[in-house]
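Residue strings, one per chain:
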There are 2 protein chains.
Amino acid sequence: MKSIKKVAIIGVGFMGGSLARSLKEKFPHFSIWGYARSEKAYNRLKKLNILDKVDKDCRKVVEDADLVALALPVGILIDYLKKIAPFLKKGAVVFDLGSSKQLIEKAARKYLSKDVDFVGCHPLCGSEKKGAEFSSKGLYRGAICLITSSPSKESTKIVKSLWEKLGSRVLFGSSDFHDKVLSSVSHLMHLISFSITQLVPDKYLKFSPQSFRDLTRISGSPASVWTDIFLSNRKNILGDLSKFIKILNKFEKLLKRGDKRKIFKFIESANIKQKKLCVRV
Amino acid sequence: MKSIKKVAIIGVGFMGGSLARSLKEKFPHFSIWGYARSEKAYNRLKKLNILDKVDKDCRKVVEDADLVALALPVGILIDYLKKIAPFLKKGAVVFDLGSSKQLIEKAARKYLSKDVDFVGCHPLCGSEKKGAEFSSKGLYRGAICLITSSPSKESTKIVKSLWEKLGSRVLFGSSDFHDKVLSSVSHLMHLISFSITQLVPDKYLKFSPQSFRDLTRISGSPASVWTDIFLSNRKNILGDLSKFIKILNKFEKLLKRGDKRKIFKFIESANIKQKKLCVRV
């Protein structure tokens, strides 16, 4: 990591802000620059004081940077890949924290020059809260980080050891595999949580037990981020959603005919699966 | 509470065990008896030492008891209401902790004599864990307890102040209202959680983020308890399930046609609802 002097973060929200804080803690010699998209964001970031330098000109932020991190909602992330491409220095390593990977990788291949390496990353952590104000230097500790594209061995090694230094466990998988898995364990979960809140009348909320609070916590997740995720991983999510509705329909039939034995079996198989979850592989 | 000397608990599992522990802490003068359904349960409860007396004869447990608590899955609870009825003393107050209330109330009206008061209760807390081994004296602290039937003012007052002393916030509502609300904020949530685990392939589990763990925690809830709840509140749950599937179908359509604006609005309205949840009314 000695070769790295300047790090640029495009998108200093909850994820990007947490990246800034944790990098500063582990690599105090890094000069960490952050890009502010507006005057308001600029003032907020200056006040937070988690970056060595804030700038509203993304060219200034990325030029001469050894490492560039993109921590933005998928759609805007792709716009910025295109925007910053001409200003990146030769040999720069670009990585992202996007929640769906195939579209991002495609854009990286399209827009970035061959002198620049792109390492697709997705740290599997987050928050329903939005903004650098809520960011934390411990966010990436204990999280799994999936690396989905690794063009040069050297660049991948740098990005991998960076995540490991922040406390993440790095796993590798293709972007296709990533998008299938995440559709199932994350994207569909958010869709379900958003849908639950639409169902329950306001006057019932005061009776909500912990179970309800658990299932609806992530329904506070930012609309801008999640609209992009749903659209960018549409095919997988539609497939999982259709499977999920089929499972609900199956249960509906069992309950309609009061099939006690099969309802018990249905729950029991969920119990068994849940036990497997408690043991992280 | 000075008039109460003997308390009987029928069903000393997670909820009943927590009741025993918390009652003993707050009312050390109570003599707390617990019923063990089998030799195995008897030995386990003796070893746990959270009751003043354990007995395998439910007659001995309830006779002369001033207060009788039923903490069993709905179906068995109704069986025991019938079983203990002949042995209850005149003036005894019976209350329950059942998760659906209309069937239980109907059974109480049918089986209990007029000399006995039945107060239907449901403390809105619990665990995906099963058994008195996991019980805790702090379980009812901060929980809402819904009282759904209160025949005599005096009995209701006793049971209400008992829950309050254990730290619960008591609210009143009819059993019909209770079953509608709980179908929505609890029963459907469990159904959803059980269904999610059926969907996700085992090999994906190691990538599961916190959001997934939150949504599937309650899918470990005991099959015996939840089969009974689903069957005893079938009509409301089927209604809510059908509404939920409609919401998912609506989202499916939006995603199929890639309607960015409406997907954003869908999530945004969930965000607004979630904020209301954070402020407990």
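In the block above lies the structure referred to throughout.
Residues numbered from 1 in each chain as written. Chains lettered and ligands numbered in written order. Predicted model: local features only at pLDDT ≥ 70, side-chain atom pairs only at ≥ 80, totals over all residues. Heavy atoms only, no water.

### Side note on the relation of the copies chain A and chain B
Next, step 1: In the superposition of chain A on chain B (RMSD 0.1 Å, axial shift 0.0 Å), the rotation amounts to 180°. The symmetry that links the two subunits is that of a two-fold axis.
Next, step 2: Both copies share a contact surface, since 100% of the interface residues of chain A are interface residues in chain B too. (Least-squares fit on C-alpha atoms with pLDDT ≥ 70 in both. Contact = heavy atoms within 4.5 Å.)

### Side note on the packing of helix 10 (residues 234–256) of chain A against helix 7 (residues 175–199) of chain B
When two helices pack together, their arrangement is given by the angle between their axes and by how far apart the axes lie.
Next, step 1: The N-to-C vectors of helix 10 of chain A and helix 7 of chain B enclose an angle of 125°; their axes lie 10 Å apart at closest approach. Here helix 10 of chain A is positioned oblique relative to helix 7 of chain B, judged by the angle of their axes. Note that helix 10 of chain A runs across helix 7 of chain B; the crossing there is right-handed. Of the residues in helix 7 of chain B, those in contact with Asp240(A), Lys243(A), Phe244(A), Ile247(A), Leu248(A) and Phe251(A) of helix 10 of chain A are Leu191(B), Ile192(B), Ser195(B), Ile196(B), Gln198(B) and Leu199(B).
Next, step 2: In terms of residue class, the contact of helix 10 of chain A with helix 7 of chain B is made up of 8 nonpolar, 2 polar and 2 charged. (Axes fitted to C-alpha atoms, helices over the stretch in contact; angles between N-to-C directions. Helix = DSSP H or I, 4+ residues; strand = E, 2+ residues; numbered from the N terminus. Parallel < 35°, antiparallel > 145°, perpendicular 65-115°, else oblique. Left-handed = near helix turned anticlockwise from the far one by under 90°. Nonpolar A, V, L, I, M, F, W, Y, C, P; charged D, E, K, R; others polar.)

### Observations regarding the sheet that holds strand 1 (residues 6–10) of chain B
All names here are of chain B.
Next, step 1: Taken together, 8 strands build an open sheet; the order of strands is 3-2-1-4-5-6-7-8 and the sheet is mixed. Among the strands making up the open sheet, the edge pair consists of strand 3 (53–55) and strand 8 (169–172). Looking at each pair of strands side by side, their axes are set apart by 25° on average, direction ignored.
Next, step 2: Relative to strand 4 (residues 67–70), strand 1 runs parallel, the two being bridged by 4 bridges. Residue pairing in the sheet places Ile9 in a bridge with Ala69 of strand 4.
Next, step 3: Contacts from helix 4 (residues 74–84) reach strand 1, strand 2 (31–35), strand 4 and strand 5 (93–96), with the element oriented near 150° to strand 4.
Next, step 4: The strands touched by helix 5 (residues 102–111) are strand 5, strand 6 (117–123) and strand 7 (144–149); relative to strand 6, the strand with the most contacts, the crossing angle is about 165°. (Pairing = 2+ DSSP bridges.)

### Topic: the interface of chain A and chain B
Next, step 1: Contacts between the two partners involve 83 residues from chain A, matched on the other side by 83 residues from chain B.
Next, step 2: Looking at the side of chain A facing chain B, the largest losses of area belong to Leu199(A), Phe207(A) and Leu277(A), adding up to 9% of the total buried there.
Next, step 3: Counting across the interface, chain A meets chain B through 8 salt bridges.
Next, step 4: Residues Lys260(B) and Asp228(A) are paired through a salt bridge, measuring 3.7 Å at the closest nitrogen-oxygen approach.
Next, step 5: Along the contact surface separating chain A from chain B lie 24 residue pairs in polar contact (both at pLDDT 80 or more).
Next, step 6: Listed by contribution, the elements that provide at least two residues to the side of chain A that touches chain B are strand 7 (144–149), helix 7 (175–199), helix 8 (210–216), helix 9 (223–232), helix 10 and helix 11 (260–278) of chain A. (Buried area = accessible area lost by both parts, 1.4 Å probe. Salt bridge = Lys/Arg side-chain N within 4 Å of Asp/Glu carboxyl O. Polar contact = N/O pair within 3.5 Å; in protein donor to acceptor, adjacent residues only side chain to side chain.)

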